[in-house]
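# A look at the structure
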Amino acid sequence: MAKKTDYFVCSACGADFSKWNGRCTACGEWNTIIDKPQEVKVKNSGTPSAVPLSSIGKENLERIATGNSEFDLVCGGGIVPGSVILLGGEPGIGKSTLALQISQKLRALYISGEESPAQIRQRGDRISIDPSKVNISINNEVDDIISLTHKMKPGCLIVDSIQTVYNAELPGIVGSVSQVRESASRLVDLAKRNDIPVILIGHITKEGSIAGPKLLEHIVDTVLYFEGDFSREFRVLRAFKNRYGSVNELGLFRMTEQGLEEVKDKNRIFLNPFRSPSPGNAVSAAFEGSRTILFEVQALVTFSSFSNPRRLSDGFDINRLLIICAVLEKHAGLKLGNFDVFINVSGGFNISETSGDLAVAIAIASSLKEKSVEEGSGFIGEVSLAGELRPVSQIEKRVQEFRFSGFKRIYVSEGDVEKARGAGFDGEIIGARTVSQVLGLVF
Ligand code: TYD
Ligand code: MG
């Protein structure tokens, strides 16, 4: 039997210590360290055992459709009973709106810790849901939420947000790591024991918030993050983890006066319809889940007043940008050493694959040379450290999307030419072995 000793934990960040201290050395907060009696761990009696996997019954994986096709797609075809979904995103992105929109079909119990029932009713009217199908409670104590769920037997429990839920038996302020973690694990347990799906909403706040949803990622089944560009009306829902489906699917929404709507012309929403050929722009096609999405990379290369020129990127991995800049210097003879390089992917889109490398390289060269790329050109290819172009997955689908959007020529890696030509594109497919060859052909 383990020795029974006391230890100390920080009620703000959850770090533990063997000695009491006035200030937590992990998070820097004062007076947050509390005494915690160690639970006595008792060894199970009997010999440990295991059973063949085949003797385990199959879980009920029948999915519940929420009626919101984009949400269902991202979840892998609907919500699995007993699963726990974490819906995260910055404040104001539309988490509560989405949760309320799917709550009607699910006969949900909606726990709100942030808004009054009147505010929620108002939002419900705005997005025209049937208010008689959803039950609202503003109770934030985790045991109360659990007993209310047992009493009401809802089709789904929605908790908005997990950062406002607390456990009255635990010390620590509401929203602290220990409170959030403890409440979430109680709700996960509730979901598993009763086969009730649970949706936990979590805020990702600006740097500095330690009790963020990141800390819950490992205890939930599915992690969905809402991303978007606040200046535009589009919102992207992305699965970062999914025990019951693929993580590649993207859900695309438009925030309107009547809530979140499905986007009609999904493949082109990130392309500026009024774009004109100007130096620094290049278009590529991303493949996300079952969707091809055209996007425009914008580069600005300007003379730098710093001895260490800046490289900044929005929507594209900064480390890949550094690599591409180095490749352009070394293998294509572009002198970027005295220039700042800024990259932006239009429409707030985030590129999560390497097939956009070539478009980034071309955009940089185009801005540096102050020459625009000929209208109707698309670029698909990964760039290697040696400056070669590598083939990408699903080239046919990407080429088809360019075809539907009326593009005239597509630059691809030599290895992709054959497949790309098989995609029924009536324009030109131009294969190249290296980035430097493409630069030679384009400019
Ligand atoms: P909200 O769902 O409250 O965001 P979150 O829960 O993620 O903090 O909504 C965010 C914004 O969306 C809010 O600024 C108002 C706007 N909005 C609309 O434009 N149309 C609508 O129908 C609704 C309900 C909200
Ligand atoms: Mg909200």
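The structure displayed is predicted, hence computed values, not measured ones. (Residues numbered from 1 in each chain as written. Chains lettered and ligands numbered in written order. Predicted model: local features only at pLDDT ≥ 70, side-chain atom pairs only at ≥ 80, totals over all residues. Heavy atoms only, no water.)

## Comments concerning the pairing of strand β15 (residues 311-314)
A regular strand places its side chains on the two faces of the sheet in alternate fashion. The line we're drawing: A pair of strands is treated as paired once DSSP finds two or more bridges between them. Here a strand is any run of E in DSSP of at least two residues, a helix any run of H or I of at least four, and the numbering for each starts at the N terminus. If the strands point away from the viewer and the path from the first strand over the helix to the second runs clockwise, then the crossover is right-handed.
In the sheet, β15 pairs with strand β16 (residues 339-345) via four bridges, with the strands oriented parallel. Considered in β16, the bridge of Asp314 is made with Asn344. Since β15 and β16 lie parallel, the crossover through helix α6 (residues 318-332) that links them has a hand, and here it is left-handed.

## Here we look at the side chain of Glu227
Applied cut-off: Polar contacts here mean pairs of N or O atoms no more than 3.5 Å apart (in protein, one a potential hydrogen donor and the other a potential acceptor; neighbouring residues in sequence count only if both atoms are side-chain atoms). Contacts are residue-level and defined by heavy atoms, with any inter-residue pair within 4.5 Å sufficient.
If you trace the backbone, Glu227 turns up in strand β9 (residues 222-228). Here the side chain of Glu227 touches Arg238 through a polar contact of 3.4 Å, side chain to side chain. Look past the residues within four positions of Glu227 in its chain and what remains in contact with it is Ile93, Arg235, Val236, Arg238, Phe240 and Asn350.

## Things to note about the environment of Ser137
On the secondary structure map, Ser137 appears in strand β6 (residues 135-137). For Ser137, the contacting residues outside a window of four places in its chain are Tyr110, Ile111, Ser112 and Leu148. For Ser137, the side chain forms a polar contact with the main-chain nitrogen of Asn139, separated by 3.2 Å.

## Topic: the site of ligand 1
Quick reminder of the rule: Residue proximity to a molecule or strand is established when one non-hydrogen atom of the residue lies within 4 Å of it. Accessible areas in this description were obtained via Shrake-Rupley with a 1.4 Å probe; residue shielding takes into account the shown protein chains only.
Around ligand 1, 16 residues are found, and the nearest of them are Gly92, Ser96, Thr97, Thr256 and Gly259. The contact in question runs from a nitrogen atom of ligand 1 to an N or O atom on the backbone of Thr256, over 2.7 Å. Between ligand 1 and Glu257 there is a distance of 3.2 Å, counted from an oxygen atom to a backbone nitrogen or oxygen. For ligand 1, the accessible surface in isolation is 560 Å², of which the surrounding protein chains cover 76%. If you list the elements that add at least two residues to the shell around ligand 1, you get α2 (95-106), α3 (117-126) and β11 (250-256).

## Considering the domain arrangement of the protein
Note the threshold: For the domains described, the bounds stem from an automatic or database domain assignment. Put simply, buried area is the surface a 1.4 Å probe can reach on two separate parts but cannot reach once they are joined, added for both. Salt bridges are defined by distance alone: a side-chain nitrogen of Lys or Arg within 4 Å of a carboxyl oxygen of Asp or Glu. Residue type decides the class: Asp, Glu, Lys and Arg count as charged, Ala, Val, Leu, Ile, Met, Phe, Trp, Tyr, Cys and Pro as nonpolar, and the leftover types, Gly among them, as polar.
Its domain assignment divides the protein into domain 1 (2-41), domain 2 (69-264) and domain 3 (269-442). On a C-alpha basis, the centroid separation for the pair domain 1 and domain 2 is 31 Å. Listed by partner, the interface residues are six residues for domain 1 and seven residues for domain 2. Across the domain 1 to domain 2 interface the summed buried area is about 470 Å²; carbon plus sulfur atoms make up 66%. Counting across the domain 1 and domain 2 interface gives zero salt bridges. The tally of links from domain 1 across to domain 2 stands at zero residue pairs in polar contact (both at pLDDT 80 or more). Classifying every residue of the side of domain 1 that touches domain 2 gives four nonpolar, two polar and no charged.

## Section: the pattern of salt bridges
Spelled out, the test is: Exposure classes here rest on a 1.4 Å probe applied to the protein chains alone. A residue is buried below 20% of its type maximum, exposed above 50%, and partly exposed in between.
All told, the structure shown has 16 salt bridges when counted by the stated rule. We note a salt bridge from Asp125 to Arg121, for which the minimum N-O separation is 3.4 Å. In this pair, Asp125 and Arg121 both sit in helix α3, four residues apart, roughly one turn of the helix. Among the residues examined, Asp125 registers a relative accessible area of 43% and is labelled partly exposed.

## Quick look at α3
Convention followed: Think of the arc as the fan of directions from the helix axis to the C-beta atoms.
Three or more residues of α3 are buried, namely Ile120, Arg123 and Gly124. One side of α3 holds all its buried residues, which, seen down the axis, span an arc of 105 degrees. Away from the buried face of α3 by more than 90 degrees, exposed residues Ala118, Gln122 and Arg126 are located. Looking at the packing, one finds that the buried side of α3 touches α2, β5 (108-112) and β6. Immediately beyond the C-terminal end of α3, within one or two residues, lies Ser128, with a positive phi of roughly 45 degrees.

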